[in-house]
2 protein chains.
Amino acid sequence: MEIKDQFYQYIQQLQDTITTKVEKIDGTVKFREDLWERPEGGGGRSRIIENGNVFEKGGVNISAVHGALPQSMQAYFGVQEADFFACGLSLVLHPKNPMVPTVHANWRYFEMYDKKGQLVDQWFGGGQDLTPYYLFEEDAMHFHSICKRACDLHDTDFYALYKKKCDDYFWNAHRNEARGIGGLFFDYCKASENRSMQDWYNFVTEVGDSFLEAYIPIVIKRKNLEYTDKQRDWQEIRRGRYVEFNLVHDKGTLFGLKTNGRIESILMSLPPHVQWVYDHTPETDSEEERLLTVLQHPKEWML
Amino acid sequence: MEIKDQFYQYIQQLQDTITTKVEKIDGTVKFREDLWERPEGGGGRSRIIENGNVFEKGGVNISAVHGALPQSMQAYFGVQEADFFACGLSLVLHPKNPMVPTVHANWRYFEMYDKKGQLVDQWFGGGQDLTPYYLFEEDAMHFHSICKRACDLHDTDFYALYKKKCDDYFWNAHRNEARGIGGLFFDYCKASENRSMQDWYNFVTEVGDSFLEAYIPIVIKRKNLEYTDKQRDWQEIRRGRYVEFNLVHDKGTLFGLKTNGRIESILMSLPPHVQWVYDHTPETDSEEERLLTVLQHPKEWML
């Protein structure tokens, strides 16, 4: 089977596995499924959860699209007219309880063809990262340790490399702080002398397979913790930073918006309830300030 | 007095006039004032109101900045190294009651100089526009009639021209709808054969002087109307669109974020409480749907 078919099959199964598990943890609501078609070719299967007991809002979406590479993407990739195929799974989960972190993950595969339909380029990309509102160091270490284990099975240099890329990518430049406490981010994973596309497939699906183990134990541990209205306000204010990152800096989001993607599937990443308070500053020596310090100075969690 | 000094004096006075009036209407809270300096030259006076009886959040900010034109602005204006001076007043008011529209206004003046300090270009820009959550046609007509009157005193072509520019500018392209029901938007107002910079000054300040008359009567008329939780939800969902426009499309905001402006003064425009609900669609024949139809098909209010 071709890599693209293997991978498309993989993300379909992974979507099932993840949504089944998330529904089980939530216990009260089910994902709503929306199938959509892209007029220029392909489509997707979005699964959205809202107003759950544990998950206030989230989406676990897959898509597989193809056709002529849109002009905006030609400029982006620095290529001329070409055809493309792209498929991937994107997920964001926004828990209700501020003690449970928001999580984001994405695994994707891309092919480009010349005018004769010959494959001229292909690569994988993706990653997974955590955005806490209250920092439990052991949760951060757990998440990173699972990320590292998945990496180490393929290359002991990967974790340090992709952890750094993640910190760099999810940097909310206008706020001088990270969106969250990171994880993994990789892109343009192409065949080379010492790594075939099949090797990359094995690595990317290893990370995909690690997702539930990286995230779900944290949810189970924190979902029933008590919290105050003030802690909920802090969560909603921090969610504002999440919105700022996604709308101002995130290439995936802007890309989708500018290439006429399915808006509701792209913007499912935005949190349900959000606040913007003028010049909000946490109290000295508070838990909120402690989180900010770590976001301003990304940490090594695996030392 | 030079135009730049005249205009800077004007916006300082206008800030006082507007904040005094807004405080009087609100009746419960006062603006907080923050003076700030720009390391590269100049600074501003931000005035922020929060948690009022009528106004949930808002800012009426002035700034006057100068120095070397940042590189990102060189590219934007298509010029080489230059010095600049810019001053202006920016305001956004987010009322609590969903029956009262959000309002935005901005009046600004820009000068550019060559390396010898010679003035090489100068222009005015600005406008004012209304974003209702429930559409009262008489309010839209009132707002536009005051805009038109201010325009007509200077040129009977201005209203149609700047009303159109406003509809075009505040177009939330990825949603295929306008941010609000418009008003006026103008930019690069430069001296020409039949209009001096002093003429433009007179026009721009005419619009500035019209602001309170355009907006305040609407606030007074609607601020005590009853509303339901569902109507409040709708307001918060629509505020999400406001955020999307400001962070994805608004040149002023992106400009500020990318040129190291004062973040809290730029992002004071973001509403206090916001919601994103997946694939939200108003009920058929509802007031909410009626608003959407008008936003999707900008109307002429002065026919």
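This section reports on the structure supplied with the text. Throughout, residues of each chain are indexed from 1 in the direction in which the sequence is written. All chains are assigned letters beginning at A, and all ligands numbers beginning at 1, according to the order in which they are written. For this predicted model, a pLDDT threshold of at least 70 governs which residues receive local features, and a threshold of 80 or more governs which side-chain atom pairs are given and counted, while totals over whole chains, interfaces and linings are taken from all residues.

## Observations concerning the overall build of chain A
Of regular secondary structure, chain A possesses nine helices and 10 strands. Since a compact globule built from 303 residues should have a radius of gyration of about 19 Å, the 19 Å found for chain A is in line with a globular shape. Residues are called buried when their C-beta atom has 20 or more other C-beta atoms within 10 Å, exposed when it has 12 or fewer, and partly exposed otherwise; all C-beta atoms are positioned from the backbone. Buried positions account for 44% of the 303 residues belonging to chain A. Once local pairs closer than 6 in sequence are excluded, the contacts in chain A between residues at least 24 apart make up 67%. Segments assigned H or I by DSSP are reported as helices when at least four residues long, segments assigned E as strands when at least two residues long, and all are numbered from the N terminus. Atoms considered for the radius of gyration are the C-alpha atoms alone. The globule rule reads 2.2 Å times the number of residues to the power 0.38. Whether two residues are in contact is decided by their C-beta atoms, placed from the backbone, lying within 7 Å.

## Description of the relation of the copies chain A and chain B
The least-squares superposition of copies is restricted to C-alpha atoms, and to residues with a pLDDT of at least 70 in both copies. When chain A is brought onto chain B, the operation consists of a screw motion whose angular component is 180 degrees and whose axial shift is 0.0 Å, with 0.0 Å RMSD remaining. Taken together, these values place the two copies in the relation of a two-fold axis. When each C-alpha of chain A is compared by its distance to the rotation axis, A:Val274 comes out closest, at 2.5 Å.

## Examining helix α7 (residues 251-258) of chain B
Residues and elements named next belong to chain B. Looking only at α7, the buried set comprises Thr-253, Gly-256 and Leu-257. Within α7, the buried residues cover an arc of 95 degrees as seen down the axis, which keeps them to one side. Just beyond α7, the residue with positive phi is Asn-260, at close to 65 degrees. This arc describes the spread of directions from the helix axis toward the C-beta atoms.

## Let's talk about the interface of chain A and chain B
Each partner contributes residues to the interface: chain A has 23 residues there, and chain B has 23 residues. Contributions of two or more residues to the side of chain A that touches chain B are made by β2 (42-50), α6 (229-249), α8 (263-266) and β10 (273-275) of chain A. Ranked by residue count, the leading element in the side of chain A that touches chain B is α6(A), at four residues. Ten residue types, Ala, Val, Leu, Ile, Met, Phe, Trp, Tyr, Cys and Pro, are classed as nonpolar, four, Asp, Glu, Lys and Arg, as charged, and the remainder, Gly among them, as polar. For the side of chain A that touches chain B, the residue count by class is 15 nonpolar, three polar and five charged.

## Remarks on the pairing of strand β4 (residues 83-95) of chain B
Residues and elements named next belong to chain B. Most of β4 sits out of view: 10 of its 13 residues are buried. Between any two strands, at least two bridges found by DSSP are needed for them to pair. Pairing of strand β3 (residues 55-68) with β4 involves 13 bridges; the strand directions are antiparallel. Within the sheet, the bridge partner assigned to Gly-67 lies in β4 and is Phe-84. Where β4 hands over to strand β5 (residues 102-113), the hairpin turn is made up of six residues, counted between the paired strands.

## Digging into the sheet that holds β4(B)
Residue and element names in this part refer to chain B. Read from one edge of the open sheet, seven strands run β1-β2-β3-β4-β5-β6-β9, paired in antiparallel fashion. A single partner strand is all that each edge strand has here, and the edge strands are β1 (32-37) and β9 (182-189). Averaged over neighbouring strand pairs, the angle between their axes works out to 5 degrees when direction is ignored. In this description, a line fitted to the C-alpha atoms serves as the axis of each element, helices being fitted only across the stretch in contact, and the angle between N-to-C directions of two axes falls anywhere from 0 to 180 degrees.

## Brief notes about the sheet that holds strand β5 (residues 102-113) of chain A
All names here are of chain A. Sheet architecture is open: seven strands sit in the order β1-β2-β3-β4-β5-β6-β9, paired in antiparallel fashion. The open sheet has two edge strands, β1 (32-37) and β9 (182-189), and neither has a second partner. Direction aside, the axes of adjacent strands within the sheet are offset by 5 degrees on average. With 12 bridges connecting them, β5 and strand β6 (residues 119-131) associate as antiparallel partners. If you follow Arg-108 over to β6, its bridge partner there is Gly-125. On the sheet, helix α3 (residues 137-152) packs against β6 and β9 and is oriented at approximately 30 degrees with respect to β9. Strand contacts of helix α5 (residues 197-222): β4 (83-95), β5, β6 and β9, with the helix running at about 15 degrees to β6, the strand carrying the most contacts.

## Focus: the pairing of β2(A)
All names here are of chain A. Two elements, β1 and β2, share six bridges in a ladder whose sense is antiparallel. Counted as the bridge partner of Glu-33 is Arg-47 from β2. The turn linking β1 back onto β2 is made up of four residues, and Gly-41 within it adopts a positive phi angle of 135 degrees. Bridge count for β2 against strand β3 (residues 55-68) is seven bridges, and the pairing is antiparallel. What sits directly across from Ile-48, in β3, is Gly-59. The hairpin turn running from β2 into β3, its antiparallel successor, is four residues long, and Asn-51 in that turn takes a positive phi close to 55 degrees.

## Some details on unusual backbone geometry
Phi is positive for A:Asn51, close to 55 degrees, though the residue is something other than glycine. Tracing the backbone through its elements, the reader meets A:Asn51 in the loop between β2 and β3.

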